[in-house]
Structure formats: structure tokens, C-alpha cells
Amino acid sequence: MRESSNDINEASIRWVAQMDAGPLSAAEQAQFDAWLAGDRRRQGAFLRAQAGWSFMDRSRALHPRDVATAPAPRRRIWAAAAAVLAVFITAGLLLTPRSPRPEVYATIQGEIRRTPLEDGSFAVINTSTKLEVSLARTHREVRLSQGEAWFQVAKDPKRPFRVEAGPVEVRAVGTAFAVERIGATVQVSVTEGKVEIWSKGAGAQRGLKAGERIVFVDGRIVDVGHVGNRLAWREGRIAFAGQTLAEAAAEFNRYNRRKLVIGDPELAAAPLVGWFNLADPDSFARAAATMLDATVTIVGDTIHLDRTRRAARLLVVRQVRAPRHV
Amino acid sequence: MDDRISVVGWVSSQVLPHEADVRRWLSRYPGMGDKDDLIQEVYCRMAALERVDHITNGRAYFFQAVRNLIYERVRRARLIPIEVVAELDALGASSDQPDPERSAGAQRELVLVKRLISKLPDRCRRVFELRKMEGVPQREIARRLGVSENVVENEVRRGLRLILQALEQQGVDLAVEPNYRAVGRAREL
């Protein structure tokens, strides 16, 4: 009997909720892949459920008081407000302009934090990152000490949004971009709109637009390219399109306590393609082993990938009978 | 490699808000087949898109995709005479243009989302506030609310179901308050 569209929608919602709870295990991922492939309609329903979930992200610019359900009786609110006002005036707090204290955000290894900012902007902060956000009346400033964050900047022409990462400074009015700082290397990727970049070592300012990426070392430009899949971490994934196994392992090791170790230099230089869940180095290792003819060996928290050793193959030569002409 | 993230984002902001209007337009032509089926098939085709940055008008794209699907089915079934198909085309084209009073700009979407959340059942609403407004992961929500992770995941399902149903029935029309009781007596988990 044909599955009803209601059943398909329910199953899609179930998967979206489960994937939101945390990365799927290898078994769960296989279940999902099988489910998705089982009926063509499921792909559309799943996309729709994902879109519905994503639609609610707009609420990040709201504060819980904006969605208060039971409105309190008016008189009580005014009385309470008046009392609070009185206290502030007495304490002289209303007369003193408040200088904004920077808000510090720090993520641990493997943590990817999605957080709204007070001005209505939104940030997704990557693993092992430390940054400070100062939002004032005339400007909005982020100081990135290390790591990476992607910002969707709420439009406010009166308050430019600035991210400072060592010698590099990125300025935007209303746009979305990511800045990464690891040691002396700073990388800026723009996903929406345009940004202006200043750098102490690069001379004049430079513009960067959606889809573009630029890399600085010690403030000097060393590479300009495309954003591509670099920001897949925001969704908890990594994409490889020809990077070597060594590069891929290094990426995974940034996010995980369980470390990948590649035993063979030739294996380490092999290129890879695919999308992976960055919190699951074990699944990645198994996939890589299949793609590159390697073997996975686990010792405690270390995942070893080595070239598979094979016994010498015996070649069997079969005599092929010449066809008879009829 | 296609950018999966931008397809979902594009669908959520450029396509999903128009679904209610597409359904309303489809209900004028009951002979076209099961609405849910048609719409799921269109989403399925969208899922196969590699890029979406070349599509400037999601609403128009959605309507056209539904019309194309209907034409295909009509051609295959050969049941409906060609004049009816032409009429479909003419009437459908006018539905393409969004009512400027109702078109969803960012501000209006925010108001809609606010409303959608505020009308959710209590615990479900709290879960959505924590998850979507404050970005708290499900596991942490469970800890804060003193419930199991299963309960939180169930509330996510419940809320998403209600929200999708509301979008399907009322779309982004701000003149209509989301009425979750009227939509779906779907099986509660």
C-alpha cells in the first residue's frame, strides 16, 4: 500500500528533530540514507521539513519578552515601572552613560555555538574560539583572538560592524561573512553582501563580495579564492573536494578529542571527496578507508589509517577457447 | 559540491512562505490530483537543484514548477483538453504576483515567527524559545527543564509539525492568527 503524504511528512519531521538533537551515529545515518532512498517523495518532504525548521531561525533576533503569552494587567506594569524608575533616578544611574562592557564568547574543542547578538545580528562560533563583542551606540566591534566565527550582521547604517583579527580589520554594514584567525593566518569569507577589509601589511583597503575568500599571513595577502564549502562547519559538517587525507585528518583533529593518524605518507597524500559529520571522525575514517583502500585500527582515542597489506595475489590464467566460425 | 545549506535557506525564505497560496490556487482545480502529492513532488525536484542563486523569484518559480508538473501529468494522462490547460496558464499567471500588502519582508517574517512561537503549547513554546531564539542545544534544554532528551525531541517534532501545518494553511498572511487547534489533530506523541 502506498505510504500517505501525511506519513511521509511525519517521518521527515522525526528525522529533522533527531538530526537537530545531535549528529547521527553511523547506523542512524545508514537508516536515514535508506529511508530517503526508499521513496522519491521523501526527498521533497524532508527538504520542506528542513526549510520549516530553518524558517524559525528568524526568531534569533527576538528576546523572550517579545513572545510573552499572557499580557499582565496594565496598571500593575505601570506601577512596577514607576518604582524601578525611581530607584534608578535616585541612584543617578540614568544620568551616567553606560560604556558597554565587552561580552566574551569562548568555545571549547568541538563546540559549535549558534548565538544571537544583542543588536539582532547572529553569530555561529566554531571550535576553540575566543572573541569579544562590544555593541555601543555608534559602533559595533568584535575582537577575534583566535578561532573562527561567521556573522550575519543586522543592517544598521548608523553603526558599522567591525571585526578585528590581529592586523586585519573587516567592516560591514549589513551582510554575512566569516573570519578565521589561526596563528598569523587570517581568512575572511563572505556569504552575503560585501565587506571592506583593511590590513596593516596590505596597503589600501580591499573590498570582498559574496562567494569570495581572502587569506592574509602577518597582514599580507597570500591567497584570494572562492568560499566554496569552507563554511560547512556551521551545520556541523566538513566538505572535501580534492583535499588530501592528511589535510582532512588535520581538520577533523581540530574538532575532536579522538585523533586521526595516517601511517603511510603515500596514503596521506591521496585526495578525497565527500561531505562528513565533523563530530564523527570514526565514520570518516571508515569512509576514507573504503575510498582509499586503507585499514582502520583503533587504539584508545587514536584512530589509525594504514595502507591495507595484501598477500601476493596468485594470477590464474585461463585458457580462452577461440570461437568457432559457423 | 553543491551548497546544501543555501538550498534549505532559499526554500525556507523564498518558497515555503508561498505554499499556502499555491495550495489555495490548486484547490480551484480539483481535477489536478492530490494536492499534497503534487507539492511534495515539486519539493522533491527542488531538492535536486544544485544551485539556487540564479532563481530571483522563489514564488514565481514555485508556481511555475507546479504548473509544469500539472502539464506533464495532463500530457501523460491525455484526459484534459488543451483549452483547459491554456485557461490554467492564464489564471495561474495572475497568482504569481504577490499581494504587496502581504508579501513577506524581513520585518513581517519576524512578526509571523513571533506569533507562531507564542501560540505553541506551553512546554513546546519554551523549547522553541531556548532552541531557536537562544540557540541552546537539545541536550542542554533537557537539563534546564528537568526532562529527558526524548521529551525535548518530541516537543521539537510537535512544534515543527504545528508550524508547518500553519504555514501550509495560512501562509504568511499576517491578518490571520495561527490557530493550532484548528490545524491538525495529528497524532500526539
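If you're wondering where the values come from, they're calculated on a predicted model, not measured in any experiment. (Residues numbered from 1 in each chain as written. Chains lettered and ligands numbered in written order. Predicted model: local features only at pLDDT ≥ 70, side-chain atom pairs only at ≥ 80, totals over all residues. Heavy atoms only, no water.)

Draft legend 1. Structural view of the overall build of chain A. For chain A, the helix and strand inventory stands at seven helices and 18 strands. Here chain A, with 326 residues, has 41% of them falling under the buried criterion. Within chain A, counting contacts between residues at least 6 apart in sequence, those at least 24 apart form 47% of the total. As displayed, chain A has an accessible area near 18,400 Å², and 55% of this comes from carbon and sulfur atoms. (Helix = DSSP H or I, 4+ residues; strand = E, 2+ residues; numbered from the N terminus. Buried < 20%, exposed > 50% of the residue type's maximum accessible area, 1.4 Å probe, protein only. Contact = heavy atoms within 4.5 Å. Areas by Shrake-Rupley, 256 points an atom, 1.4 Å probe, with all protein chains shown as cover.)

Draft legend 2. Broad picture of the pattern of salt bridges. Counting across every chain of the model gives 41 salt bridges over all chains. We note a salt bridge from A:Glu235 to A:Arg114, for which the minimum N-O separation is 3.9 Å. Taken together, the positions of A:Glu235 in the loop between strand E13 (220-226) and strand E14 (237-244) and A:Arg114 in strand E2 (residues 113-116) put the pair 121 residues apart, joining distant regions of the chain. In this structure, B:Arg23 and B:Glu168 form a salt bridge, with 3.6 Å as the shortest nitrogen-oxygen distance. On the criterion of sequence distance, the pair formed by B:Arg23 in helix H2 (residues 19-26) and B:Glu168 in helix H9 (residues 149-170) is long-range, its members being 145 residues apart. Pair check on accessibility: B:Arg23 and B:Glu168 agree, each one buried. Residues participating in the shared-partner salt-bridge network are A:Glu141, A:Arg143, A:Arg162, A:Glu164, A:Glu169 and A:Arg171. (Salt bridge = Lys/Arg side-chain N within 4 Å of Asp/Glu carboxyl O.)

Draft legend 3. The arrangement of the pairing of strand E16 (residues 271-277) of chain A in detail. All names here are of chain A. Of the two faces of E16, the one lined by Leu272, Gly274 and Phe276 is fully buried and the one lined by Pro271, Val273, Trp275 and Asn277 carries no buried residue. Relative to E16, E14 is paired through six bridges, and the arrangement is antiparallel. Directly across from alanine 241, in E16, lies its bridge partner valine 273. (Pairing = 2+ DSSP bridges.)

Draft legend 4. Structural view of the environment of B:Ile55. Residue and element names in this part refer to chain B. Within the secondary structure layout, isoleucine 55 lies in the loop between helix H3 (35-47) and helix H4 (58-77). Spatially, the C-alpha atoms of isoleucine 55 and tryptophan 10 are 9.5 Å apart, while their sequence positions differ by 45 residues. Every residue in contact with isoleucine 55, bar those within four places of it in the chain, is listed here: Trp10, Leu49 and Tyr61.

Draft legend 5. Examining the confidence of the model for chain B more closely. All names here are of chain B. On average, residues of chain B score 76 in pLDDT, and 69% of them reach the 70 mark or higher. When the criterion is pLDDT under 50, residues 100-104 qualifies, and its contacts beyond four places in sequence or with other chains add up to 10 contacts. Throughout residues 183-189 the model reports pLDDT below 50, and contacts reaching past four residues in sequence, or to other chains, amount to 15 contacts. Both scores are available for the predicted complex, with the pTM at 0.47 and the ipTM at 0.80. (pLDDT = per-residue confidence, 0-100.)

Draft legend 6. Representation of the packing of aromatic side chains. All names here are of chain A. For the structure on display, the rule yields 17 aromatic pairs over all chains. Judged by centre distance (6.5 Å) and plane angle (80 degrees), the rings of phenylalanine 161 and phenylalanine 177 are edge-to-face. Of this pair, phenylalanine 161 sits in strand E6 (residues 161-165) while phenylalanine 177 sits in strand E8 (residues 176-182), and the two are 16 residues apart along the sequence. Owing to a relative accessible area of 0%, phenylalanine 161 belongs among the buried residues under this scheme. For phenylalanine 177, a relative accessible area of 0% corresponds to the buried category. A connected cluster of aromatic rings, assembled from ring pairs, spans Trp15, Phe32, Trp35 and Phe46. It is arginine 171 that lies over the ring of tryptophan 198; its NZ or CZ is 4.3 Å from the centre. Geometry around tryptophan 150 places arginine 234 over its ring, the cationic atom sitting 4.4 Å from the centre. (Phe/Tyr/Trp six-rings, centres within 6.5 Å; stacked < 30°, edge-to-face > 60°. Lys NZ or Arg CZ within 6 Å of the ring centre and 35° of its normal.)

Draft legend 7. Just the side chain of A:Ser54, in detail. Position of A:Ser54 relative to the elements: it lies in helix H3 (residues 40-55). Not counting the four nearest positions on each side in its chain, A:Ser54 is found in contact with B:Val8, B:Gly9, B:Ser12 and B:Lys132.

Draft legend 8. Seen up close, the nonpolar core. Ranked by size, the top nonpolar core spans 63 residues in total, and within it B:Val11, B:Met46 and B:Phe62 carry the most contacts. Ranked by residues supplied to this core, first place goes to H9(B) with eight residues. Apart from residues no more than four positions distant in its own chain, B:Val11 is found in contact with A:Leu47, A:Ala51, B:Leu16, B:Pro17, B:Tyr43 and B:Met46. Among the nonpolar cores identified, the runner-up in size contains 31 residues, and A:Ile238, A:Phe240, A:Leu267 and A:Leu292 belong to it. (Core = buried A, V, L, I, M, F, W, Y, C linked by side-chain atoms within 4.5 Å.)

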